[in-house]
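# Fold and geometry: a report
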Amino acid sequence: GNEPTPFNEYEFPLDSDWELPRAQLILGATLGEGAFGRVVMAEVNNAIVAVKMVKEGHTDDDIASLVREMEVMKIIGRHPNIINLLGCCSQSGPLYVIVEYAPHGNLKDFLFKNRPYGRDPLDSSKSPPSPLPPPQHLINEKDLIKFAHQIARGMDYLASRRCIHRDLAARNVLVSDDYVLKIADFGLARDIQSTDYYRKNTNGRLPIKWMAPESLQEKFYDSKSDVWSYGILLWEIMTFGAQPYPAIMSAEELYSYLMSGQRMEKPSKCSINIYILMRQCWHFNADDRPPFTEIVEYMDKLLQAKE
Ligand code: ACK
């Protein structure tokens, strides 16, 4: 049913491989909230973690999605470039799914905050000094390529585990210590049938701009549609978090733009080799797009050339 349900009305089977004593968990500040979910910072055995839970007013379906997300994370297993499951509290109290904490937040905001001071990466002409505070992290082109490389490795791993992300974007990649990037929300149950192309996400952006043509047209998703999204994510990285296709306002408009063969231009600070990769990810025909394994190899070579 879809009626709101109070806490503690659910019983979950005990999984002793993952269960942590509730008393060891000290909940802290809320990191973020969605419609029915919440992510809270917490401490367990002197380590900082992130805890996913449902909010009050959730439905049975929201609980089921959180359980499913946790089960997917258990099955997929560990990789350095994904947000890994650490444990859960599932007995006598609300369900807490405990995952790795990424101290620098999402990649889009991280890149935007650390734009080279006073410069708009989309604009090669002189632009007035930015009103933003000076960047805390100095990020050069090699760092950007390393970011793209790590995301490709995480996606190659997820694809090898038969996991399709369906919403790969800089907002869904988190920045951990030492510039380690981790793909988040790969275990989310996404009800593709009910995807609302017109509804903006919490940041007011249209998620359609990351979607492959076959996802826009037929709601079809596979690893090759994730590769398309990876190309958009590459573009976000190379523009320090700019908004893709700023002039496009609807799914129909985007589809005809792509159908006519148009693609985003090379960002001014982006090397031709990275742009070539973006364009390969944006082949209309999914079979012409490189698999993540090839993308990783391509980035290996680019980084070796920069040694
Ligand atoms: O950009 P943010 O600060 O990073 O806002 C979102 C918000 O919660 C909603 O998802 C943050 N968040 C989610 N998972 C984690 C995590 N494992 N570590 C740190 N922050 C997280 C995210």
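Predicted, not measured: the structure shown is a model, and the values here were computed from it.

### Digging into the pattern of salt bridges
- Tallied over the full model, the rule gives 12 salt bridges.
- In this structure, Lys142 and Glu307 form a salt bridge, with 3.7 Å as the shortest nitrogen-oxygen distance. One end of the pair, Lys142, is in helix α3 (residues 141-160); the other, Glu307, is in the segment after α8 (292-305), with 165 residues separating them in the sequence.
- Note on Lys142: relative accessible area 23%, which makes it partly exposed.
- A relative accessible area of 76% means that Glu307 is categorised as exposed.

### Some words on the nonpolar core
- Counting residues in hydrophobic clusters, the biggest one holds 78 residues, and the most contacted among them are Leu107, Ile151, Tyr230 and Ile237.
- Considering each element in turn, this core owes the most residues, 10 residues, to α3.
- Beyond its immediate chain neighbours, meaning those up to four positions away, Ile237 contacts Leu107, Leu111, Leu144, Phe147, Ala148 and Ile151.

### Some thoughts on the pairing of strand β5 (residues 96-100)
- A large share of β5 lies buried, amounting to 5 of its 5 residues.
- In this sheet, β5 lies alongside strand β3 (residues 47-54) in antiparallel orientation, the contact comprising 4 bridges. Across the sheet, residue Val49 finds its bridge partner in β5, namely Glu100.
- Bridge analysis of strand β4 (residues 85-89) against β5 gives 4 bridges, and the strand direction is antiparallel. From the neighbouring strand, Gly87 faces β5, where its bridge partner is Ile98.

### Structural notes on the packing of helix α7 (residues 272-281) against α8
- Running from amino to carboxyl end, α7 crosses α8 at an angle of 175°, the nearest separation of the two axes being 11 Å. When the axes of α7 and α8 are compared, the pair comes out roughly antiparallel. Residue-level contacts link Asn273, Ile274, Ile276, Leu277 and Cys281 of α7 to Ile295, Tyr298, Met299 and Leu302 of α8.
- Residues that form the contact of α7 with α8 fall into these classes: 8 nonpolar, 1 polar and no charged.

### As for the layout of surface pockets
- As a volume, the second largest pocket reaches approximately 200 Å³.
- Its residues placed into classes, the lining of the second largest pocket shows 6 nonpolar, 4 polar and 2 charged.

### Considerations on the sheet that holds strand β1 (residues 25-33)
- Taking strand neighbours across the sheet as the criterion, the 5 strands line up as β1-β2-β3-β5-β4 in an open arrangement whose pairing is antiparallel. At either end of the open sheet lies a strand with only one pairing partner, and these are β1 and β4. The sheet shows a mean angle of 30° between the axes of neighbouring strands, direction not considered.
- Pairing of strand β2 (residues 37-44) with β3, which is carried by 8 bridges, proceeds in the antiparallel orientation. Bridge assignment links Ala42 to a residue of β3, and that residue is Val49.
- Here helix α1 (residues 60-76) sits on the sheet and contacts β3, β4 and β5; the angle it forms with β3, its principal contact strand, is near 140°.

Cut-off values and rules
Residues numbered from 1 in each chain as written. Predicted model: local features only at pLDDT ≥ 70, side-chain atom pairs only at ≥ 80, totals over all residues. Heavy atoms only, no water. Salt bridge = Lys/Arg side-chain N within 4 Å of Asp/Glu carboxyl O. Helix = DSSP H or I, 4+ residues; strand = E, 2+ residues; numbered from the N terminus. Buried < 20%, exposed > 50% of the residue type's maximum accessible area, 1.4 Å probe, protein only. Core = buried A, V, L, I, M, F, W, Y, C linked by side-chain atoms within 4.5 Å. Contact = heavy atoms within 4.5 Å. Pairing = 2+ DSSP bridges. Axes fitted to C-alpha atoms, helices over the stretch in contact; angles between N-to-C directions. Parallel < 35°, antiparallel > 145°, perpendicular 65-115°, else oblique. Nonpolar A, V, L, I, M, F, W, Y, C, P; charged D, E, K, R; others polar. 1 Å grid on protein atoms, 1.4 Å probe; cavity = no way out; pocket = protein on both sides within 12 Å on 5 of 7 lines; lining within 4 Å. Points joined across faces, edges and corners; volume = space filled by probe spheres on them.

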